[in-house]
Each structure stands twice: as structure tokens, then as C-alpha cells.
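Each chain, written out:
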Amino acid sequence: MKWLIAALLIWAAWKYLKPSGKRRMAAEEVEARAVLGVGPRADAAAIRAAHRRLLAGVHPDRGGSTELARRINAARDVLVGRPTGDGIAPER
């Protein structure tokens, strides 16, 4: 009987204390905002402007780092979504 109670307590602790997907997504968003240097209230236009500004300085075609360009693009994708072919990115 004691092992059943112990198993139930362990399961309950695991169920309620494990990190949820929302926390993980929030951490990704916080990191993306830090990479782009935008605040939590920045709209899609401000995020895109920060993306363009940062990417202009580190673009691989201008001798910049491929890894930095990848991180900046990934941060933009997390915050506003992937760009579509018509030049307008879908909003989340």
C-alpha cells in the first residue's frame, strides 16, 4: 500500500512540476527578442525593421557570419513567422 501512495505522489509531482510547452515557447520568444533587441511590446513592423537592420551588418554576402545570419533569421521566424512568397509574413 505504501508503494502505491509513493507512486501516486511521484506521478503527481512529475505531472505538475514538469516544464510545459508554453514555458519552452516563452523561453524561445524571450531569446528571439534578445537576439533582435526588441522589447516585449514590439509589433511585427518593429521586429522586421530590427531584423533588416541587424542582417545588413552580418549578411554572409558582405563578409559576415553565416551563423549570426541564421540566428537572426530564426529569431524573426519565431516572432512573426516564416515569410511567404509575396513579401508579407503571416502574423501570429
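About the criteria used
Residues numbered from 1 in each chain as written. Predicted model: local features only at pLDDT ≥ 70, side-chain atom pairs only at ≥ 80, totals over all residues. Heavy atoms only, no water. Helix = DSSP H or I, 4+ residues; strand = E, 2+ residues; numbered from the N terminus. Buried < 20%, exposed > 50% of the residue type's maximum accessible area, 1.4 Å probe, protein only. Contact = heavy atoms within 4.5 Å. Areas by Shrake-Rupley, 256 points an atom, 1.4 Å probe, with all protein chains shown as cover. Core = buried A, V, L, I, M, F, W, Y, C linked by side-chain atoms within 4.5 Å. Salt bridge = Lys/Arg side-chain N within 4 Å of Asp/Glu carboxyl O. pLDDT = per-residue confidence, 0-100.

In this section: the overall build of the protein chain. Across its full length, the protein chain carries 4 helices and 0 strands. The linear arrangement of helices and strands in the protein chain, starting from the amino end, is α-α-α-α. A burial count over the protein chain gives 21% of its 92 residues as buried. Once local pairs closer than 6 in sequence are excluded, the contacts in the protein chain between residues at least 24 apart make up 38%. Looking at the protein chain as shown, the accessible area adds up to about 7,100 Å², and 62% of this sits on carbon and sulfur atoms.

Leu36, Val38, Ile47, Leu55, Ile72 and Leu79 are the most contacted members of the largest nonpolar core, which has 13 residues in total. Of all the elements in the fold, those that place two or more residues in this core are α2 (21-36), α3 (44-58) and α4 (66-80). Apart from the residues lying within four places of it in its own chain, the contact partners of Ile47 are Arg33, Leu36, Val38, Ala42, Leu79 and Val80.

Next up on the list: the pattern of salt bridges. One pass over the structure, following the stated rule, counts 3 salt bridges. For Glu67, the salt bridge is made with Arg70, and the minimal N-O distance between the two is 2.6 Å. Taken as a pair, Glu67 and Arg70 lie in helix α4 at a separation of 3 residues, close to a single helical turn. For Arg70, a relative accessible area of 45% corresponds to the partly exposed category.

As a further point, take the confidence of the model for the protein chain. With 82% of its residues at a pLDDT of 70 or more, the protein chain shows a mean pLDDT of 83. Mean pLDDT across the secondary structure elements of the protein chain bottoms out at α2, with 81, and peaks at α3, with 93.

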